[in-house]
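Working through the structure, step by step
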Amino acid sequence: MQLWSRKNAVLLALTMTTLAATQAIAQSSTEQPDKYQWLEDVSGTRSMEWVNAENARSAKVLEGDPRYAGLAATALKVLESPDRLQIPEFREGEVYNTWQDAEHVHGILRRTSLTDYLKPNPDWHTVIDYDALSKQDNEKWVEKGLNCLYPGNGLCLVALSAGGEDAETLREFDLKTGNFVDNGFVLPTSKQQITWVDKDTLLIARNWGPGTMTASGYPFVVKLWKRGEPLDQAKEVYRGKESDVSAGAQTIHDDQGHSVTLLTRGVNFFESEVSLLTPSGPSRIALPAKIDLNGLLEDQLIVTLNQDWKPEGLTTTFAQGSVVSLDLDAVKKDPLHLKPTIVFAPTTNEFAQEAATTRNHLLVTTLAYIYTRGKKGEWTRKKLNVPDNVSVSIATTNTSDDQFFLALTGFLTPSSLLLGDAATASVNEAKTLPPQFDATNLTVEQLEATSKDGTKVPYFVVRRKDIKYDGSNPTLMTAYGGFQVSETPRYSGVLGKLWLERGGVSVLANIRGGGEFGPAWHEAGLKTHRQRIYDDFAAVGSDLVTRKITSPRRLGIVGGSNGGLLMGVEFTQHPEMWNAVVIQVPLLDMLRFEHIAAGASWVGEYGSVSIPEERTFLAHISPYNQLNPDVNYPEPLIFTTTKDDRVGPVHARKFAARLEEFHKPFFYEEIVEGGHAAGADLKEQAKTSATQFTYLTRKLMD
């Protein structure tokens, strides 16, 4: 794929010249006082009165539609199906699973043996009942997982979120006794990051009071807390900067008895500084800024590179996208002069997606390989026998032996789990989801559109085999396009029942900004290059119309979070192309995003208004600031949640309020719980899906 060329450079120069020419206009239109800044008071009386009024107005139409109740019931049946895959997690030699259904609205944590898990109907034993805990505490707890001591005796910190927020309360729990620990570790609500040092010691980054949280709203001071001490007596061991995204600590182990505690300073969303915690204090490791730490295996630190790296003193350059290993003893002796060994090197067709360790082996998902380290330090690999044309991800690995689970999924292939043994590089089917919708007359094809700068952009189409190419097919298109997130085929019973079975076409576009084709595909759309992402999406939409798969009258788009920003940009830049736009938990005010919720943490992706060139570009794309009273827009559905403390509901509110000011029609839905998601429980998620597919039915199928 052509990611960069002289032609691209010329086009970019022309684009930036155009932006510079319009800078005065953009500045004058966006420097005016923001009359809707009052909606940034998330829980204020005036704000919530506005929210409640807009919710009621939209619900009267959408929930009053005769199709809504049936869609809601169908979605709930899919989401609460007892036949859903029971996603496993290896802990303490057993299999754990978190489960929600009609009886367990907030969910339960349960466990069984591996042998029993492989049976059609496992004998589960409840460990934590989150519904009972919510009732006891008079709080709508949303579970956020466990942080457990390793190697250990079953001690874990249970993360509990009020309504789905990123901020969490942590309580110590004993998996062996099945009870919360009397007088155990308890950490009040905060955005926080914790690692166990030993059974009586934690390293904690959290809100310690004024001057300890970054502008992004995350902690940057790490303290060591001993069991039995008051929390305010914890001792500081590391401090980042207020301008960072965050700072934290992690202790990683292998099953051979090696361990290391690392301190990480997140300079921005993609770049970090990593240090060893030594008795004399932090000691910087000369790793490149853009990396992922994947674990420890046989005294080897496993690292994925998101940039090219030429270590000091070496002649070799390790390519962006490689997986390398570093001898831990050597790192501890001399953290400034590193000698990595290549494990995986990317090719034009293969890019590392995930890496995880078992006891003696490394599992990497590209086409799914098992890597083994030889006696001389060299790495060899064996390919796992997994089906073609499905998405493969690592569900869980067991570091006390070599077993692991892979998750497989495809648009029309019900999700399944393979149990693998890394020692023999073998996999066998363990669980398969029964079909949740009728796919007998459906097919998947991969097509390609040409973006404005000539780059080829692949996209998937899921459609009936017998569609007519006359532009009449209701089509729902989605993408994400940011943060190196890979959007790959996946099975969705809700999409299948509520859209595909009813004659709809589904499209997934692999636009730049994502990670589907390695880090360079992501970096091609960073900051002031971001218009490429939006051009890619528009090019796919145009290609669908050119091929007569659909037409603007029948074409709808949907996206959330960064994908919600994508929807907002397409809404304002190409309003004539779409008849339905679903904007979910979005960023939309790109001139104030750094001051809303955790927005400052995404400067590495979007740029900053403090830099003139970047501010000009942000003003040019900012959907909130680009709304024009003289433009005819499609009627959008804007969705958010009050408890979203990551992006926040503010962007959605202000965008809707400005549409209202310009007398433009829109639907608005803001639920309370759910955090940065579609709902805190399955019933809320079913209602959210029903609302959105009712809207899409009205706009694209009627």
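What counts as what
Residues numbered from 1 in each chain as written. Predicted model: local features only at pLDDT ≥ 70, side-chain atom pairs only at ≥ 80, totals over all residues. Heavy atoms only, no water. Helix = DSSP H or I, 4+ residues; strand = E, 2+ residues; numbered from the N terminus. Rg over C-alpha atoms; globule rule 2.2 N^0.38 Å. Buried < 20%, exposed > 50% of the residue type's maximum accessible area, 1.4 Å probe, protein only. Pairing = 2+ DSSP bridges. Axes fitted to C-alpha atoms, helices over the stretch in contact; angles between N-to-C directions. Contact = heavy atoms within 4.5 Å. Disulfide = S-S within 2.5 Å. Phe/Tyr/Trp six-rings, centres within 6.5 Å; stacked < 30°, edge-to-face > 60°. Salt bridge = Lys/Arg side-chain N within 4 Å of Asp/Glu carboxyl O. Left-handed = near helix turned anticlockwise from the far one by under 90°. Nonpolar A, V, L, I, M, F, W, Y, C, P; charged D, E, K, R; others polar. Expected span 1.5 Å × (residues − 1). pLDDT = per-residue confidence, 0-100. Parallel < 35°, antiparallel > 145°, perpendicular 65-115°, else oblique.

Here we take up the overall build of the protein chain. Regarding its fold elements, the protein chain presents 16 helices and 37 strands. Against the 2.2 N^0.38 benchmark of 27 Å for 702 residues, the protein chain shows a C-alpha radius of gyration of 25 Å, consistent with a compact globule. For the protein chain, the spread of C-alpha atoms along the three principal axes comes to 65 × 55 × 50 Å. The burial tally for the protein chain puts 57% of its 702 residues in the buried class.

Moving on to the sheet that holds strand β29 (residues 426-432). Taken together, four strands build an open sheet; the order of strands is β26-β27-β28-β29 and the sheet is antiparallel. Looking at the sheet topology across the chains shown, the edges are occupied by β26 (391-397) and β29. Ignoring which end each strand starts from, the neighbouring axes of this sheet average 30° apart.

All right, on to helix α8 (residues 493-500) then. With respect to burial, α8 is a largely interior element, six of its eight residues being buried. Where the residues of α8 are buried, they touch α4 (68-79), β30 (442-450), β31 (456-464), β32 (475-478), β33 (505-509) and α16 (682-701).

Considering all chains together, one arrives at one disulfide under this definition. C148 shares a disulfide with C156; S-S distance 2.0 Å. One quick way to see it: the torsion about the S-S bond of C148 and C156 is about 100°, and its sign makes the bridge right-handed. An identical accessibility class is assigned to C148 and C156; each is buried.

A few words now on the pairing of strand β23 (residues 362-365). Judged by which residues are buried, β23 turns out to be covered on both faces: L362 and V364 on one side and L363 and T365 on the other are all buried. In textbook terms, the turn of a hairpin is the stretch between consecutive antiparallel strands, and for strand β22 (residues 354-357) and β23 this stretch comprises four residues. Sheet analysis places β23 next to strand β24 (residues 369-373), joined by three bridges and oriented antiparallel. Pairing of L363 across the sheet is with I370, part of β24. If you look at the hairpin formed by β23 and β24, you'll find three residues sitting between the two strands, and A368 has a positive phi there, around 75°.

As for its position among the elements, L433 is in the loop between β29 and β30. For the pair L433 and T413, spaced 20 residues apart in sequence, the C-alpha to C-alpha distance is 9.2 Å. Residues within four places of L433 in sequence aside, it is in contact with D83, R84, L85, P414, S415 and Y491.

What follows is about unusual backbone geometry. A cis geometry characterises the amide bond from Y150 onward to P151, with omega recorded as -15°. Checked against the element boundaries, P151 lands in the loop between β5 (141-148) and β6 (155-162). For K527, which is not glycine, the phi torsion reads 50° and is therefore positive. Considering the arrangement of structural elements, one finds K527 in the loop between α9 (519-523) and α10 (531-546). Phi is positive for V585, which is not a glycine, with a value near 30°.

Before going further, it helps to examine the pairing of β24. Here β24 pairs with strand β25 (residues 379-383) via five bridges, running antiparallel. What sits directly across from Y371, in β25, is R381. From the end of β24 to the start of β25, which pair antiparallel, there are five residues, and G377 there has a positive phi angle of about 90°.

This paragraph deals with the sheet that holds β24. Sheet strands associate in pairs through backbone hydrogen bonding, adopting either a parallel or an antiparallel arrangement. Strand order in this open sheet of four strands is β22-β23-β24-β25, and the pairing throughout is antiparallel. Strands at the two margins of the open sheet, each flanked by one partner only, are β22 and β25. Between one strand axis and the next, the sheet turns through 25° on average, direction left out of account.

Of note, D329 is situated in helix α7 (residues 328-333). Look at D329 and you get partly exposed, because its relative accessible area is 38%. Along the primary structure D329 and V457 are separated by 128 residues, whereas in three dimensions their C-alpha atoms are 45 Å apart.

What follows concerns the packing of aromatic side chains. Under the criterion given, the structure shown has 22 aromatic pairs. Relative to F270, the ring of F269 has its centre 5.1 Å away and its plane inclined at 75°; by these criteria the two rings are edge-to-face. A centroid spacing of 5.1 Å and a plane angle of 85° characterise the contact between F517 and W521, whose relative ring orientation is edge-to-face. Overall, the relative accessible area of 0% leaves W521 in the buried class. Three or more aromatic residues joined by ring pairs make a cluster, and in this case those are F269, F270, F483, F593 and Y606.

In this section: the environment of Y534. With respect to the element layout, Y534 can be found in helix α10. Expressed as a C-alpha distance, the spacing of Y534 and S451, which sit 83 residues apart in the sequence, is 9.4 Å. What Y534 contacts, discounting residues up to four positions off in sequence, is L565, L566, V569, E570, Q573 and I621.

Moving on, we come to the pattern of salt bridges. For the structure on display, the rule yields 37 salt bridges. Put simply, R265 and E273 hold a salt bridge, and the shortest N to O gap is 3.0 Å. For R265, a relative accessible area of 11% corresponds to the buried category. A salt bridge links E635 to K699; its shortest N-O distance comes to 2.6 Å. Residue E635 is found in the loop between α14 (623-626) and β36 (637-641), and its partner K699 is found in helix α16; the two are separated by 64 residues along the sequence.

What follows concerns the side chain of E54. Looking at where E54 falls in the secondary structure, it is placed in helix α3 (residues 45-62). Beyond its immediate sequence surroundings of up to four residues, E54 is in contact with E660, F666 and Y668.

A word on the packing of α8 against α16. Where α8 meets α16, the closest approach of the two axes is 11 Å, and the angle between their N-to-C directions is 30°. Here the hand of the crossing between α8 and α16 comes out right-handed. Residues V494, L495, L498 and W499 of α8 pack against S689, F693, L696, L700 and M701 of α16. A per-class count over the contact of α8 with α16 returns eight nonpolar, one polar and no charged.

Counted at 1.5 Å a residue, the expected span for helix α15 (residues 650-661) with its 12 residues is 16 Å, and the 16 Å between its end C-alpha atoms agrees. By the criterion of burial, α15 is predominantly enclosed, with 10 of the 12 residues buried. Listing the buried residues of α15 in full gives V650, H651, A652, R653, K654, F655, A656, A657, R658 and L659.

We now examine the confidence of the model for the protein chain. Here the protein chain shows a mean pLDDT of 93. Residues at 70 or above account for 95%. Overall, residues 1-30 carries pLDDT values under 50, and its contacts beyond four positions in sequence, including any with other chains, amount to 33 contacts.

A few words now on the packing of α3 against α15. Running from N to C, α3 and α15 point in directions that differ by 65°, and their axes come no closer than 12 Å. Classed by the angle they form, the pair α3 and α15 counts as roughly perpendicular. Between α3 and α15 the crossing geometry is left-handed. Facing α3, whose interface residues are S47, M48, W50, V51 and E54, α15 presents R653, A656, A657 and E660. For the contact of α3 with α15, the residue count by class is five nonpolar, one polar and three charged.

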